Amino acid sequence: MMQRSSILQRSLEPILWFAGLLLIWEVLVRALHVPVYVLPAPSQFLSRLVEDYQRLGYHALVTTRLIIYGFVAGAIPGVVLGYLIAKFRLAEQVLYPLVVFIQGLPKITLAPLMLVWFGFADFPKIMLTALITFFPILVDSVTGFKSIDPRQYYLSRSVGASWWQTFRLFELPSAAPSIFSGFKITVVIAVTVVIVVEWMNSQNGLGYLVLRGMDDSDTSLIFAVLVVGSMIGVLLSWGMELAERTLLPWRRR
């Protein structure tokens, strides 16, 4: 009972702090008569969530789909290459410098080239998101696979385990906590990346709504989109936490 009370208290504290911040924001904007096109009061953009819930919901689903596709497209090669770099010295010598070089490129500047090469569909947005989310997952995967206790390999060989059994029963479970750390960080980054990428040439998505709000000087819509984007990030982060706790039961606290 005391543990539940402690968890509830820890959950309520950030909510109360955030509510207090919004209250101060509301009072200052009203007291100083700040124009709505400069900085809307929280009540103004929060009310847009209710008034435009269908419009915001539709565009949020479009953006969430791109986030998931881009995240998966970056995560799978990140984990695979992370395993190869950690296991094979030749792969580390050849692939890792190339990956670091690609990571150093200003990827947003690749957007015009992506549009020329692949057109104005969703594919270039997914590719850019994958490129940006790929490297953090790769680094955490390399760290996870390199941190495996060598004694596990002795145990694996002693029981005659195949490569697949060694990977599935020893290597992947040992590296999974580090991999999930990369997942949890990157899935939130992907939200920002997709919204920015949607500015390129979109007819839907939260990035498109931001552009519409800028054209119309509708700052309450822009702030409403920011709230929706933050909610998507929180939900995806919670989803990743749930996946980690489900797939890695020994990590539960």
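Cut-offs and rules
- Residues numbered from 1 in each chain as written.
- Predicted model: local features only at pLDDT ≥ 70, side-chain atom pairs only at ≥ 80, totals over all residues.
- Heavy atoms only, no water.
- UniProt positions renumbered as here; feature names shortened; annotations may be inferred.
- Core = buried A, V, L, I, M, F, W, Y, C linked by side-chain atoms within 4.5 Å.
- Buried < 20%, exposed > 50% of the residue type's maximum accessible area, 1.4 Å probe, protein only.
- Helix = DSSP H or I, 4+ residues; strand = E, 2+ residues; numbered from the N terminus.
- Contact = heavy atoms within 4.5 Å.
- Phe/Tyr/Trp six-rings, centres within 6.5 Å; stacked < 30°, edge-to-face > 60°.
- Axes fitted to C-alpha atoms, helices over the stretch in contact; angles between N-to-C directions.
- Parallel < 35°, antiparallel > 145°, perpendicular 65-115°, else oblique.
- 1 Å grid on protein atoms, 1.4 Å probe; cavity = no way out; pocket = protein on both sides within 12 Å on 5 of 7 lines; lining within 4 Å.
- Points joined across faces, edges and corners; volume = space filled by probe spheres on them.
- Nonpolar A, V, L, I, M, F, W, Y, C, P; charged D, E, K, R; others polar.

You'll find the chain entered in an unreviewed UniProt entry as ABC transporter permease, with Nitratireductor rhodophyticola given as the organism. If you open the UniProt record of the chain and go to Sequence similarities (unreviewed entry), you find "Belongs to the binding-protein-dependent transport system permease family." UniProt, in the comment section headed Subcellular location (unreviewed entry), describes the chain in these words: "Cell membrane".

Novice: Which residues make up the nonpolar core, and what values do they have?
Specialist: Ranked by size, the top nonpolar core spans 36 residues in total, and within it F145, F183, L206 and I232 carry the most contacts. Secondary structure elements with two or more residues in this core: α3 (53-87), α6 (123-146), α8 (163-197), α9 (206-215) and α10 (219-247). In terms of residue count, the dominant contributor to this core is α8 (11 residues). Ignoring any residue separated from it by four or fewer positions in sequence, one finds F145 in contact with V79, G82, Y83, A86, F167, E171, L172, A175 and I179.

Novice: Got a sec to walk through the side chain of T186? Specific residues and values, please.
Specialist: Note that T186 resides in helix α8. Looking at T186, the relative accessible area reads 0%, which means it is buried. With residues up to four places along the chain from it excluded, the contact list for T186 reads F71, T133, P136 and I137.

Novice: I'd like a description of the packing of aromatic side chains, backed by residues and values.
Specialist: According to the stated counting rule, one finds 12 aromatic pairs in the structure shown. Note on W25 and F223: the rings are 5.7 Å apart at their centroids and 70° apart in plane angle, and the pair reads as edge-to-face. Residue W25 is found in helix α1 (residues 2-32), and its partner F223 is found in helix α10; the two are separated by 198 residues along the sequence. According to the relative accessible area criterion, W25 is partly exposed, its value standing at 23%. Ring centres 6.5 Å apart and planes at 70° place the aromatic pair Y83 and W163 in the edge-to-face group. Taken together, the residues Y83 in helix α3 and W163 in helix α8 connect sequence positions 80 residues apart.

Novice: Give a description of the UniProt feature "transmembrane region" (unreviewed entry) in the chain that names residues and reports values.
Specialist: The residues that UniProt annotates with the feature "transmembrane region" (unreviewed entry) are residues 66-86, 98-120, 126-145, 178-200 and 220-243. Counting secondary structure, residues 178-200 comes out at 87% helix and 0% strand; the distance between its end C-alpha atoms is 33 Å. Taken end to end, residues 220-243 has its terminal C-alpha atoms 35 Å apart, with 100% of it in helix and 0% in strand.

Novice: I'd like a rundown of the packing of α3 against helix α4 (residues 89-104), residues and numbers included.
Specialist: At a minimum axis distance of 5 Å, the contact between α3 and α4 shows a crossing angle of 125°. Our classification of the angle between α3 and α4 gives oblique. Taken together, the residues of α4 that come into contact with α3 (itself represented by L81, L84, I85 and K87) are R89, A91, E92, L95 and Y96.

Novice: Could you give an account of the layout of surface pockets, naming the residues involved and the relevant values?
Specialist: Of the voids in this model, the largest pocket is the one considered here, and its volume is about 320 Å³. Taken together, 15 residues make up the lining of the largest pocket; nearest its centre are L172, I179, F180, F183 and L247. Those elements giving two or more residues to the lining of the largest pocket turn out to be α3 and α8. Among the elements that make up the lining of the largest pocket, the one with the highest residue count is α8 (seven residues). In terms of residue class, the lining of the largest pocket is built from 14 nonpolar, no polar and one charged.

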